[in-house]
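A structural walkthrough
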Amino acid sequence: RTATTVINASLGPLLKSHLGTLSHELAERGLTVPLLLMQATGGVVPTDDAVLKPINLVNSGPAGGVIAGKYLSTLLGIPNCICVDMGGTSLDVSLITQGQYSASLTARISDNNVMVPMLDIYCIGAGGGSIAWLDGGRRLKVGPQSAGSTPGPACYGRGGNEPTVTDADVVLGRIDPNFFLGGEILLDKDRAAQAIENKIAGPLGLDLLFAAEGICRIVDANMADAVRTMTLRKGYDPRDYALIAFGGAG
């Protein structure tokens, strides 16, 4: 209860300031309907209520994906679905089983157990911006550190020089640098290649493409383990489920 109260109190002023600015800007742009915010349970609340209990908004982004996954599973007539939300920093995994998602009355936030109802979502540090690096034993690792959106992957050309999953995908041709976001952003393949060469391929004495493939294989393995955690370790057979992928890197 103490951890729940402290975290809630610390988030309150930050959320109040942010929502005040957001509401003002939306009103100036002509929004006339009330602003509602997603909660960790999947429901929505007005801004005034959200400020009183901001801890209920933790993990609310992935919760929106779970609700959308449930809707899609119903729409498609597929009752069992594994939902994976891959963004720039994390991968969030949740299950829809027989058309229903699961929830919990407690959660864990920054190594603190809190008494907050949340949808059952498992999160790992695996996203498009996850950084590839070498540990002390010169073994290739990917994440949980992330370049995020600022400066972002090296290929964004915003000053980032760390090799990321997105950079590896660009080097391998899995992402078209001339058609990212439908062509709205042009990616720099040379910067992506240079980052992987400088930080991974060169130090390990590997071919550039081989190093890029290694980055992708490691992050794929990490994501597969996350899916196993939510399925096999809970007694569910993933072969009975369809996969729904979403998020910025989904």
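Scroll up a little and you will see the structure.
Now for a description of the structure that goes with this document. (Residues numbered from 1 in each chain as written. Predicted model: local features only at pLDDT ≥ 70, side-chain atom pairs only at ≥ 80, totals over all residues. Heavy atoms only, no water.)

**Looking at the overall build of the chain**
Within the chain one finds 6 helices and 12 strands. Overall, the chain is about 55 × 50 × 40 Å in size when its C-alpha atoms are taken along their principal axes. Counting the 250 residues in the chain, one finds 40% classified as buried. Intrachain contacts of the chain at a sequence separation of at least 6 include 60% that bridge at least 24 residues. Of the roughly 13,700 Å² of accessible surface on the chain, a fraction of 55% belongs to carbon and sulfur atoms. (Helix = DSSP H or I, 4+ residues; strand = E, 2+ residues; numbered from the N terminus. Buried < 20%, exposed > 50% of the residue type's maximum accessible area, 1.4 Å probe, protein only. Contact = heavy atoms within 4.5 Å. Areas by Shrake-Rupley, 256 points an atom, 1.4 Å probe, with all protein chains shown as cover.)

**Observations concerning the environment of E25**
Structurally, E25 can be placed in helix 1 (residues 2–28). Separated by 19 residues in the primary sequence, E25 and V6 have C-alpha atoms spaced 30 Å apart.

**So, the nonpolar core**
Residues I82, L91, V93, I196, I200 and I215 are the most contacted members of the largest nonpolar core, which totals 34 residues. Breaking this core down by element, the ones donating at least two residues are strand 3 (81–86), strand 4 (91–96), strand 11 (140–146), helix 4 (165–171), helix 5 (189–204) and helix 6 (208–230). (Core = buried A, V, L, I, M, F, W, Y, C linked by side-chain atoms within 4.5 Å.)

**Here's the deal with the environment of G128**
Along the chain, G128 falls in the loop between strand 9 (122–124) and strand 10 (130–134). Once the C-alpha coordinates of G128 and N198 are considered, the two residues, 70 residues apart in sequence, prove to be 19 Å apart. Once residues within four sequence positions are removed from consideration, G128 is found in contact with M86, G87, G88, P153, T164, V165, T166 and A249.

**Quick word on helix 6**
Helix length check: helix 6 (23 residues) gives 34 Å between terminal C-alpha atoms against 33 Å at 1.5 Å per residue, within 8%. Among the residues making up helix 6, those that are buried are A211, A212, G214, I215, C216, V219, M223, A226, V227, T229 and M230. (Expected span 1.5 Å × (residues − 1).)

**Regarding the layout of surface pockets**
Empty pockets left among the atoms are what a rolling probe the size of a water molecule brings to light. Its volume calculated, the largest pocket comes out at about 340 Å³. Lining the largest pocket are 21 residues, with G87, G128, T166, G248 and A249 sitting closest to its centre. The set of elements that each furnish at least two residues to the lining of the largest pocket consists of helix 4 and helix 6. Top element by residues in the lining of the largest pocket is helix 6. It accounts for 4 residues. Here the lining of the largest pocket is built from residues that sort into 10 nonpolar, 8 polar and 3 charged. Space inside the second largest pocket adds up to approximately 290 Å³. Forming the boundary of the second largest pocket are 16 residues, of which N59, A107, R108, M118 and I121 lie nearest the centre. Counting only elements with at least two residues in the lining of the second largest pocket, the list comes to strand 6 (107–109), strand 8 (118–119) and strand 9. In terms of residue count, strand 6 provides more of the lining of the second largest pocket than any other element does, 3 residues in total. Residue classes in the lining of the second largest pocket are distributed as 9 nonpolar, 4 polar and 3 charged. (1 Å grid on protein atoms, 1.4 Å probe; cavity = no way out; pocket = protein on both sides within 12 Å on 5 of 7 lines; lining within 4 Å. Points joined across faces, edges and corners; volume = space filled by probe spheres on them. Nonpolar A, V, L, I, M, F, W, Y, C, P; charged D, E, K, R; others polar.)

**Here's the deal with the packing of aromatic side chains**
In this structure the tally under the stated criterion is 2 aromatic pairs. For the ring pair Y156 and F180, a centre distance of 6.0 Å and an interplane angle of 50 degrees mean the geometry is tilted. Of the two residues, Y156 is situated in the loop between strand 11 and helix 4 and F180 in the loop between helix 4 and helix 5; the sequence distance between them amounts to 24 residues. We classify Y156 as partly exposed; its relative accessible area is 23%. Summarising the aromatic geometry, the rings of Y236 and Y241 are spaced 6.2 Å apart at their centres and angled 75 degrees between planes, so their arrangement reads as edge-to-face. (Phe/Tyr/Trp six-rings, centres within 6.5 Å; stacked < 30°, edge-to-face > 60°.)

**Notes on the environment of V93**
The topology assignment puts V93 in strand 4. Judged by relative accessible area, V93 falls into the buried class, the value being 0%. A C-alpha to C-alpha distance of 7.0 Å links V93 and A226, two positions 133 residues apart in sequence. If we skip the residues at most four places from it in the chain, V93 touches I82, C83, V84, D120, I121, Y122, A226, V227 and M230.

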